[in-house]
Structure formats: C-alpha cells, structure tokens
Amino acid sequence: MRDPNRRALTIALTYGAVSAAYIVASDLALHAYQPSTAVEITKGLGFVGITATLIYLLIRRYLTEAQAEAARAVDAQQDLRHSRDQLAAAQAVARIGSWDLDLGSGAMQYSDQVYRILGVEPARFEHTLDAFVALVHADDRESLAETQATALAGKGRTEVEYRIVRPDGSVRYLQVRGTLQSGSDGRPARQFGTVQDVTERKHVELELERRNRQQTAISELGLAALRGSSPKALMDEAMARAARILDVEYTKVLALLPGGEALALVAGIGWRPGLVGTAQVPAGADSQAGFTLLQDSPVVVADLRTESRFSGPALLIDHGVVSGISTIIMAGGRPWGVLGIHTTRRRTFTPEDVSFVQTLANLIATVVEREQAQSAARERSFLRQMAGEVAGLGGWSYEVASRRVTWSPEVSRIHELTDGFEPTLEYGMSACVPEHRERIQRRFEACVRDGTPYDEEVQIVTATGRQRWLRVIGHCERDAEDRIIRVQGAMQDISDRKRLESMLHQSQRLEAVGQLTGGIAHDFNNLLTVIIGNADLLIDAVGDDQRLRGLAETSRQAARRGADLTQRLLAYARKQPLAPQPTEVADLLAGMDQLLRRSLGERIEIETVRAGGLWRAMVDPAQLESAVLNLCLNARDAMPDGGRLTLETANIHLDDAYAAENLDVTPGHYVMVAVSDSGKGMPPQLVERVFEPFFTTKPPGQGSGLGLSMVYGFIKQSRGHIKLYSEPGEGTTVRLYLPRTWEAGAEAPAPPRTDNARGAGELVLVVEDDALVRNFVVQQVQALGYRVVSAADAEQALALLQRHDDVALLFTDVVMPGGMDGRRLAEAARAIRPDLPVLYTSGYTENAIVHHGRLDPGVALLNKPYRLAELADKLHRALHAPRA
C-alpha cells in the first residue's frame, strides 16, 4: 500500500483546487449580475482551505488504520502458515498424523503422516471410513465399532488403541484420538483427531508385561508351595495361569501310571468335560509323551500335523491342537510325568516361553517331592530347594520372642554369604542401601506390631559389594490367643527384571532423541549446506579484506559446529549412516599416533599396549578413529596437570555369563580397545550417567555433553559393547568391544581429492525439494564446470530425464515429500536409463538407503552439510566410478 500521508495530501489538494476553481468561476459568472468583493472571495477560499485540511487529516487517519489492518491480516496469514508448518514437522517427529471424517458423506481426509503410518499410497487409497476399517485387525474391529458408537451417542472425545494390518502384511499398533463437531442442527456432523504409531512402545510393553506376569506367577506359586499348598491345588492354579499368560487354549499335567505304559490326565485347562481325571495317553517310545520322557530338555512342536519325530495322541488331535510345548516333570530323581501347553494356532514359541513352562514343571516337581517326603525336615529342605532352584526365591522367618532370624540357603546365596552364616535382624536391615533402609524397616516393624503384610522392592549390597534388587514379602503368624509370634516370608532376586525395565526406559529415551534428531536433521543440514557453501564463496571473494574474511570464517566455523552437534545427536540415536568394513584396528591406532600427540600436548604421556595377532573388526574406520580421539580428549581434560594415557588392544571373548550380567551383549569374539587415564576419576553416581546426552562433568561452556553419548551410539550401532570403569582418585578406563570378522581386510580407499575436480560440460540432473538449497546447489554444480537441469520432486525429475537423453548423473536428495523418495526415484530413473550413475545427498537418510544403521552396498552418499571441495570430489567419483 502506498504512503497514506501522500495519498491523503493528494486528495485534499485535489479537493482544494477544484473548490477554489469553482468559487472563482462562480464569481466571474455572477459578476455581471451582482458585483462581489475580494473579501468574499478570500473568505470562500479560506473556507476551502480549512475543509481541505480537515479532509486531509480524516483521510490520512482512515488510510493509516486501513494500512495497519492490512498488515495485521498479512501477519496473521504468515503466523497461520508457520503454525501449520510447525504442526506438520511435529507430527513427523512424533509419528502422529491427523484425520477428518465427514459423518454425512463418510469421506475422510488424512495428513501425509497418516499414509506413512498406514503404509498406503494416497493416490491408490479410497478415502472412506470403510476403507480405513478394512485395514483394522479383524479381532479389533468390534471394539472399534463400539468406541465409535459411544462417541456418536454423545460422549464426544474418544481415545482408543488397536491394531491395523498394512497392505504388506505387517501389523502395527495405533493410538487414535478423536472429537466431534456438531452442525447447525446440533447433530454430529464432523469427527476429527489424531493417529499415532505406537508399535515399538507396545511391543516393549507387552514383552515386559509378559515377563513380569511370568515372574509374578512363579513367585506367588512358590509362596503357595511354601505355605503348604497341595499338589493338586498347585497344579490347577499353575495350569490356569499358564493358559492365561501364554494365551493357549489347552494345558495339561500327565502323571506316569505304575508300569510306565501310560500317563493319566490329572490336571489341565480347556479339555472337554469329564476328561481330566479319566483320560490316558500311551507312553511308548514312538508317542509324543514317551518322546518327551526321554528328553533332557523341553520338546517344542511347531505343527503336530507334520511332526515326524513321534505320533501325536488322539487327545490332542481330537481337540485340533497344532503347536505346543511339553516337558518332563522329574520328582525324586525319576520321571514323574509330563507338563504340556497347546494351541490350535500355528505358533512360534520364544525361549522365554519354553523357560517358563520348564519352571512350572520344576515347581510342580518340587511340590510332588514334598508330598512324597516323610519328615518335616526333609519337607522344609525340599521347599527351600524349590525356592532356590526353580524360582530364585528364598524363604525367611523371624521369631518375635527370641528375635531369631532363619534364612533358607537361597537367601544366603542372594546375599553372597557362605553356608553356615547365622543372620540377624540388624544384618538384614544394614544390607539395604541407605535410601531404602528406613522404608523396609518401617514396614517390617508394622508387620511385627500390627500384623500388616508387606510386599516391597529394595536394593541391597551383598557381602562381596555387588548391588542387587530384591522383592521382599512378609506375613505375620499368630498363636491361639491372636498374638503375633512370627513373621515369615520370601525374598526374590529381581535384578534381571530391573535391568530390563532400565533398558526399556533407555530405549524410550533413545527413541525420543532419535525422533527429535531425525525430524530436525534434514532441514537443519539443508540450511547449513547453504551457509557453509556461501561462507566458502565469501572467503574466496573478499581477497585481502581481513575483516570480511574473519566474519566469513566465523560464520563457517559456527555452521560447522552446528553440523557437528546434529551429527553427534544422530550418532547417539544410532541413526548415522555407517560404512563398516573389515578393519585392522592396530594399524588404525598406529596411524593416529602423531595426531594424538599433537592433540594431547606434551604434558600427557602416551603408552600403547598392543596384543599380538589382533583380530580384524567389522567397523566403520573413520567413525572408530573419531570415537578414539574423542575418548583421548576426554582423558586429557580429566588430567589438567598432566598424566598418563594408555591405549590397549586385545582379543576378547564375552561369554554367556558376561552376557547374562549385561543384557545388551551378544556372546562372541570381540576386538577390545581400551583408553585409560590417570586422572581424578568419578564416583558411582556419575558413572551411571556418563552416556546420557548433554550430561557433562565439565564447567558450563566447556563441553556439550555429547562426546561420550556419540561414542556410545556408534558402538551400539556397530553391534558392539562399551563399558566404563572409574573410581575417585583412580582414573577412568573406557573399553570398546568391536565385533570380530573373519573377512579379509578391504583395500584402502583412494585418498580424497584435494583440488576441486572440474566437470567437462556433463549434464547433471539436480533434484532437491527445498528451493533455497536447490538454487544454491545448481550454482555450485555449474561453477564446477557442469551443465545443470533441476527439479523440485521425483515427478519433475523423471519428466526431465525423458526429455534430456544426455543426462550424465542423477544428483538427488534422499528425503523428499510425496510418495517417492530419492531411492525410489533412482530406481525409476534406472528403469529408463539402466547405466545412469546416482549420487545421493541428505542431512538425514531415514531408512531409504541406510538399513540397520549401515549404508546400503554400492550407494554413493554426500552427507549434508558439505563444502565445495567435497561436492566436486563426490561428483567426479560418481561420474567416473566403474559400472557394475
């Protein structure tokens, strides 16, 4: 809009001129009839001047307000667009999409994220409620329909979780929220809301819930056994729990009859009425029961219809059983019977399922042994053996009058005490860590005083100094006069479950960081590419102007630091593209010697301890070099007054016992690289947090807290293991365990070109959805001597490829909006031109060309942000690489 002052002045002057002309003309026309004086004309002109001034002021005010209102409207539109962009970005990061249902027509609208969640192509998907419901898992459609009916009945806001089956057959868990909007007639007219893919979280929750249910069942059944439950009652309860926890239709306990030729069905769930207590199955060597009795381990049946090891009994065949697990019940050192769980569905049982069934069999066996025992002493011994060997559960008791404490052998083993140790109440309480001691003592005293039972989880320090988590249960026992005479209960080592929970929380944190980082990395690195490239051009262009050169250098350094920060976050989230290859670790570390000595300074003494015959490791050598350098710089910072840094290598085998203590470790052979310093060390509470992102022990402004996080993510993504040991005053050691490979070492890659390789007029097709980045890349590629045609998406790129048969190279971004990313574009392009070279570029690749954290074979990738020299080198290599 033009200047309101000028427009108002123009209108006022126009009015004044016309009015003045009118007065003068009127005076001349009337002069012949009635003479007028100059005073009257002057008064008229004065009046015109005053009114023109008023008109100017009024119009200027009106135009100023109109201009301000227009500016506010423009700002509001920009804010709305910005809000929509932010919403779309947030939805992509959180895997959340939005939907909108017209209740009248049944038509549905989706955001782009919904299509990715559903695994469908927008153009091929029918946008109706029926089409969406068709994707819902058949077992969940009824509950979805009930939820929808409840919402339409006036409940308004709804939230439901259910499964869908994608067109590719994969099952995903979705969390859907919705709300209603009424029409002018007050009836529901529109329903809209959000949908979020929660599959990964759901799988971890289900697995943790299943393991907790199994552990709880074993603990409670063990307590029932300790309290003297009969074998029949325990079998019935165990079979009912097994059916619920493992989601099977049938469970059974078969007892071997005298003579050993048959087994009787003595307990079970799901069988036709009258069979439990009467049915028998043969125990011959060719039958399933006989085969199970001969095995030292559980027998898993994938499909009874095709089983060749034995013949299935009529009992199972008549009930339509397909899959199952059976295991022997040993009592008194002899086969007592068989425990089995069965389902009519074809199913693959996990090792945890098999272990749970075996544990139930062992539990039943122990109770049977107790019943067979003749003396109370042997009975208590069998119960303690059951608690220790079957459920990791120990019994204890406290005599109120004498204050005598009794522990079963398993409780002593949990505390890592020798046989014959005589426990006291004071010792038991002192074993708890200080932060838990007051709570458990308060609950115990309430049980002794009022009979209040308790069930607590506490952490203890064993006699050898190791920390363990225990579940402690206590109940009181009263005499005939209702006085509390004894408190007894059980202890169970639940350290494994606690570690699993910790891994779940770590996984959730990792997923959150990964989603956040992946969401911003692509756009952020796009911007940094332009900033770094322009800074490079400015440095070349300013000549001898030191001030401008300094500003350009500062801009480039700041942009590179931003790129490093994004890369470190991607490394921690295990989302950086790796190029692992067989690597001679000893040679790599030897090549770093001069770099480390320059970086650490003369006050740090470097010692190297290298094992002979060191294995090759499967690892990305560039990232390993960066990780080792990062650890060495951390060690230097821990020794401000100087000290000794030791680099050690060795061949290591991590066995099953180590893996049991470190749940994220796969047993096997590893190449170990250790970095040790003689610095001040760290207390345990800091050691537990060192791999957390943004956690640092350095003063503010002296560390980002991402160094060790980056190393941690890189090692985990490389399928390795990392362990940090530190004590105050004793220094710190970080050990990297890299997976061994038997493959021959790869040839050393050609060194990167140091000059800007020039093109010879070859035509390059540049595909980039961001207009700012696209224009910048086109200028850079042209400056390197290439001809360029560019496209904003895959559709435009394929059209250009059809028109230009002399395109020599496809240079495409990986992550692009729409239904076709860079990888699919390359596949479509090579369907037209099979020999067309492709160079990918991206600030974040998602899963298009990187799978399981590793760059796909044969893929050329230029990571954003990049410098002109890197671009020149990658273009030259892609164009001149040998064709497959």
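Refer to the structure printed above.
The shown structure was predicted, so the numbers you read here are calculated from the model rather than taken from an experiment.

What counts as what
Residues numbered from 1 in each chain as written. Predicted model: local features only at pLDDT ≥ 70, side-chain atom pairs only at ≥ 80, totals over all residues. Heavy atoms only, no water. Phe/Tyr/Trp six-rings, centres within 6.5 Å; stacked < 30°, edge-to-face > 60°. Buried < 20%, exposed > 50% of the residue type's maximum accessible area, 1.4 Å probe, protein only. Lys NZ or Arg CZ within 6 Å of the ring centre and 35° of its normal. Pairing = 2+ DSSP bridges. Helix = DSSP H or I, 4+ residues; strand = E, 2+ residues; numbered from the N terminus. Axes fitted to C-alpha atoms, helices over the stretch in contact; angles between N-to-C directions. Parallel < 35°, antiparallel > 145°, perpendicular 65-115°, else oblique. Contact = heavy atoms within 4.5 Å. Nonpolar A, V, L, I, M, F, W, Y, C, P; charged D, E, K, R; others polar. Polar contact = N/O pair within 3.5 Å; in protein donor to acceptor, adjacent residues only side chain to side chain. 1 Å grid on protein atoms, 1.4 Å probe; cavity = no way out; pocket = protein on both sides within 12 Å on 5 of 7 lines; lining within 4 Å. Points joined across faces, edges and corners; volume = space filled by probe spheres on them.

Residues and numbers for the packing of aromatic side chains, please.
Taken as a whole, this structure holds 10 aromatic pairs when the rule is applied. Ring geometry for tyrosine 110 against tyrosine 115: centres 5.7 Å apart, planes inclined by 80°, an arrangement best described as edge-to-face. Judged by relative accessible area, tyrosine 110 falls into the buried class, the value being 11%. Through a chain of ring-to-ring contacts, three or more aromatic side chains come together here, namely Tyr110, Tyr115, Phe125 and Phe132. Looking at lysine 498, its charged tip hangs above the ring of tryptophan 469, at a distance of 4.4 Å from the centre. The cationic tip of arginine 740 hangs over the ring face of tryptophan 615; the distance from NZ or CZ to the ring centre is 4.0 Å.

I'd like to hear about the pairing of strand S22 (residues 721-727), residue by residue, with values.
Two elements, S22 and strand S23 (residues 731-741), share 7 bridges in a ladder whose sense is antiparallel. The residue bridging isoleucine 722 from the neighbouring strand is leucine 736, located in S23. Remark: 3 residues form the turn of the hairpin made by S22 and S23, two consecutive strands paired antiparallel; glycine 729 in that turn has positive phi of roughly 80°.

Kindly report on the sheet that holds strand S3 (residues 158-165), identifying the contributing residues and their values.
What the 5 strands build is an open sheet, ordered S2-S1-S5-S4-S3; its pairing is antiparallel. Bordering the open sheet on either side are strand S2 (108-110) and S3, each of which pairs with just one other strand. Direction aside, neighbouring strands of the sheet carry axes that sit 25° apart on average. Across 7 bridges, strand S1 (residues 96-102) lies against strand S5 (residues 188-197) in antiparallel orientation. Across the sheet, the residue bridging to glycine 97 is valine 195, located in S5.

Report on the packing of helix H7 (residues 231-246) against helix H10 (residues 351-372), specifying residues and quantitative values.
Their axes nearest at 10 Å, the elements H7 and H10 cross at an angle of 175°. Between H7 and H10, the crossing angle belongs to the class labelled roughly antiparallel. Contacts between H7 and H10 pair Pro231, Leu234, Met235, Ala238, Met239, Ala242, Ile245 and Leu246 from the former with Asp353, Phe356, Val357, Leu360, Leu363, Ile364, Val367, Val368, Arg370 and Glu371 from the latter. Per-class residue counts for the contact of H7 with H10 are 15 nonpolar, no polar and 3 charged.

Just give me the short version of the pairing of S5, but keep the residues and values in it.
As defined by bridge partners, strand S4 (residues 171-182) adjoins S5 across 9 bridges and the pair is classed as antiparallel. What sits directly across from serine 182, in S5, is proline 188. The turn joining S4 and S5, which pair antiparallel and follow one another in sequence, is formed by 5 residues; a positive phi near 85° is taken by glycine 186.

An account of the environment of histidine 880 is requested, with residue identities and associated values reported.
Here histidine 880 shows up in helix H26 (residues 868-880). Histidine 880 sits in the exposed class, given a relative accessible area of 52%. Residues histidine 880 and proline 837, spaced 43 residues apart in sequence, show a C-alpha to C-alpha distance of 9.0 Å. A polar contact is formed between the side chain of histidine 880 and the backbone oxygen of histidine 876, at a distance of 2.8 Å.

A description of unusual backbone geometry should follow, citing residues and the corresponding values.
In this model, glutamate 416 sits at a positive phi of 55°, which is unusual for a non-glycine residue. Tracing the chain through its elements places glutamate 416 in the loop between helix H12 (409-414) and helix H13 (425-430). Of note in this structure, aspartate 482 is not a glycine but carries a positive phi near 65°. Within the element layout of this structure, aspartate 482 appears in the loop between strand S15 (467-478) and strand S16 (484-493). A residue is classified by how much of its surface remains accessible, and aspartate 482, at 51% relative accessible area, is exposed.

Can you break down the side chain of histidine 721 residue by residue, with the values?
Take histidine 721: it is sitting in strand S22. Within the structure, the side chain of histidine 721 is placed 2.9 Å from the side chain of tyrosine 658, a separation counted as a polar contact. Discounting chain neighbours no more than four positions away, the residues touching histidine 721 are Leu654, Tyr658, Asn662, Asp664, Val665, Ile715, Lys716, Arg735, Leu736 and Tyr737.

Please provide a residue-by-residue account of the sheet that holds S15, values included.
Sheets are built from strands paired through backbone hydrogen bonds, the pairs being either parallel or antiparallel. With antiparallel pairing, the 5 strands of this open sheet are ordered in space as S13-S12-S16-S15-S14. Every other strand in the sheet has two partners, leaving strand S13 (405-407) and strand S14 (454-461) as the edge strands with one partner each. For this sheet, the mean angle separating the axes of adjacent strands, direction not counted, is 25°. Sheet topology note: the S14/S15 ladder contains 8 bridges and is antiparallel. Bridged to glutamine 459 within S15 is tryptophan 469. Its contacts with the sheet put helix H14 (residues 434-450) on strand S12 (393-399), S14, S15 and S16, and the angle it makes with S14 is roughly 140°.

Explain empty space enclosed by the protein to me, and be specific about the residues and the numbers.
Here the structure, examined in full by the defined rule, presents 5 cavities of 30 Å³ or more. Estimated volume of the largest cavity: approximately 240 Å³. Around the largest cavity, the lining is made up of 19 residues, and of these Leu425, Gly428, Met429, Val472 and Met491 lie nearest the centre. In this structure, the second largest cavity spans a volume of roughly 60 Å³. Lining the second largest cavity, in full, are Lys252, Leu254, Val281, Gln288, Ala289, Thr292, Pro313, Leu316, Ser326 and Val338. Those elements that place two or more of their residues in the lining of the second largest cavity are strand S6 (250-256) and helix H8 (288-293). The dominant element in the lining of the second largest cavity, judged by the number of residues it contributes, is H8, at 3 residues. Residues belonging to the lining of the second largest cavity are distributed by class as follows: 6 nonpolar, 3 polar and 1 charged.

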